[in-house]
Amino acid sequence: MTVFKPIETYSDDYTYSNSRDAVTRLPFPYPEDEYMYSMNVEPHVPFGKGALRAQFDIDEHYISECHHRAQILESQPGVHYLALPHMMEAQWDLLELLMESYSRDFPEHFTLEKNGSQWHWINRPLQIDQTFTFGDTSTLPMDPMEYITRQAQGEFILLEERDDTLFMGAGMATQRADYSLRFNLGMSFMEFHGPVPKLEEMGILNRALKFLLRLRPGHPVRRTNWSITVNPRLETSAETLPDWAPDRTIITPENAGELVNLRVELQPLHRMPRSNAVLFPVRTYLVSLKELAEFAPQWAKRMHRVIRDLDQELVDYKGFTRYRDAMVTWLSQYDDGTPVDESQQ
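Residues numbered from 1 in each chain as written. Predicted model: local features only at pLDDT ≥ 70, side-chain atom pairs only at ≥ 80, totals over all residues. Heavy atoms only, no water.

## Quick word on the packing of helix α11 (residues 297-309) against helix α13 (residues 324-332)
Two elements in contact, α11 and α13, have axes separated by 9 Å at closest approach and are oriented at 150°. By the criterion of interaxial angle, the relationship of α11 to α13 is roughly antiparallel. By crossing handedness, the relation of α11 to α13 is classed as left-handed. Residue-level inspection shows Ala300, Met303, His304, Ile307, Arg308 and Asp309 of α11 in contact with α13, the latter providing Arg324, Met327, Val328, Leu331 and Ser332. Along the lines of polarity and charge, the residues of the contact of α11 with α13 split into six nonpolar, two polar and three charged. (Axes fitted to C-alpha atoms, helices over the stretch in contact; angles between N-to-C directions. Helix = DSSP H or I, 4+ residues; strand = E, 2+ residues; numbered from the N terminus. Parallel < 35°, antiparallel > 145°, perpendicular 65-115°, else oblique. Left-handed = near helix turned anticlockwise from the far one by under 90°. Contact = heavy atoms within 4.5 Å. Nonpolar A, V, L, I, M, F, W, Y, C, P; charged D, E, K, R; others polar.)

Have a look at this one:
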C-alpha cells in the first residue's frame, strides 16, 4: 500500500525529498552508458513493483503534487489548463480511463461505482466523494479533464487526429519542461516537436507520427524521456522562465549533488475509444544527484557516463550546458570504471 508523505514544496524552500523506495522504483531512463534519441517504445503492460506496475503510477508524492497543481492553477489561471471546445468527448474518455485505472490498480485509495450513466467516484487521499452523470458536464464542478487531472500525478495532453497528423487539442500542464501550453495549443505534431534537435534528421519524428497514428484502443505503449532541473521544481514553463532560469548560474562541483535533479518522464500513450484522440501523459519524477548516489549508486555511475559523453547539441537543448562540467565532476566520484551492475543497488 502506498504511503503518502505530508505536503512538500516544489519552490522557494524546496522541502521535497525522496525516500529510498521512491528512488529505486522510478523508471530510470538510461538502459546503456551512452544516450541518443530513439523512439524507445514498448507495450504498456504491468511490470515489476515500481513505477511500471500500474496503468498510471502514483507514489509517495501524490498528495503533494495534487496540492501543488491546485496552487499553480489558482495563481496562473488560463495558463496551465486549456482545452479547445470540440475536445469534450476526449475529455470524458480521459476521465473514464483515469478513474477506471486508479480504482483498479489502487483500490485501497480509489473507488468507482457505475450504474448506467450515474457514476460514484471516491478519492480517499484527497477526501473527494462525487456523484455525477457521465457525459453531463453540468454534474461536475469543472471540465471533466480538469476535474480528474487535478487528482492525478503528471501532465496530460490530448491530441486529435485529422489530415493524417495529430494536433494538440487540450492539456493539463502544471509540470511543463521549457514550453508553453498556450503557444503550442492547436499546433501539429511536427510543429510542437520542431525545436528538438536531431529528431528530424534522424527520421524519428516521421516514424513516431506513423506509429502513433496506428495506435489502437486498448493497446497502450510507453516510453521514457528525461531532462535536468536545478532544484526539485516541477513547474519550469516558458511563462515562468525568469523565476527558475537564473538558478542555472549557481551550480558548482561542490553543490551539484544537492541542487541538480534528474527529471525522468514516463509517457504511457493511449488511443481513446470514443473520440479517437491520442492521450500523451507525462508522469514526472525528480531525484537529486545526491539521492541517486545514496540510494541507487549503480544508476549514478551510469549517469556520470551518459552526461560526460552526451552530444553537445542535446546538452544545449536540454538546458544544462552551463553546469554540465560541474555535474560530471560531482558524479565522477561514484564511477570506479567497472561495468554497471543494477543487481548491486
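## A short note on unusual backbone geometry
The phi torsion at Asp12 lies on the positive side, around 60°, for a residue other than glycine. Along the chain, the position of Asp12 falls in the segment before α1 (20-24). Unlike most non-glycine residues, Gln127 shows phi in positive territory, near 55°. Mapped onto the secondary structure, Gln127 falls in the loop between β4 (118-123) and β5 (128-133). With a relative accessible area of 75%, Gln127 lands in the exposed category. (Buried < 20%, exposed > 50% of the residue type's maximum accessible area, 1.4 Å probe, protein only.)

## Observations regarding the packing of aromatic side chains
The tally for this structure, following the rule as stated, stands at 20 aromatic pairs. Relative to Trp226, the ring of Tyr30 lies with its centre 5.1 Å away and its plane at 80°, an arrangement referred to as edge-to-face. Here the residue Tyr30 occupies a position in the loop between α1 and β1 (42-43), and Trp226 occupies one in strand β8 (residues 221-230), the gap between them amounting to 196 residues. A residue is classified by how much of its surface remains accessible, and Tyr30, at 1% relative accessible area, is buried. The buried category is assigned to Trp226, whose relative accessible area is 1%. Look at Tyr62 and Phe110: their rings are 5.8 Å apart centre to centre, the planes differ by 85°, and that puts the pair in the edge-to-face class. Of this pair, Tyr62 sits in helix α2 (residues 62-75) while Phe110 sits in strand β3 (residues 110-115); the two residues are 48 residues apart in sequence, bridging distant segments of the chain. Residue Tyr62 is classed as buried on the basis of its relative accessible area, which comes to 0%. The residue whose ring lies beneath Arg162 is Phe167, and the NZ or CZ to ring-centre distance is 3.8 Å. A cation sits over an aromatic face here: Arg176 above Tyr179, 5.7 Å from the ring centre. (Phe/Tyr/Trp six-rings, centres within 6.5 Å; stacked < 30°, edge-to-face > 60°. Lys NZ or Arg CZ within 6 Å of the ring centre and 35° of its normal.)

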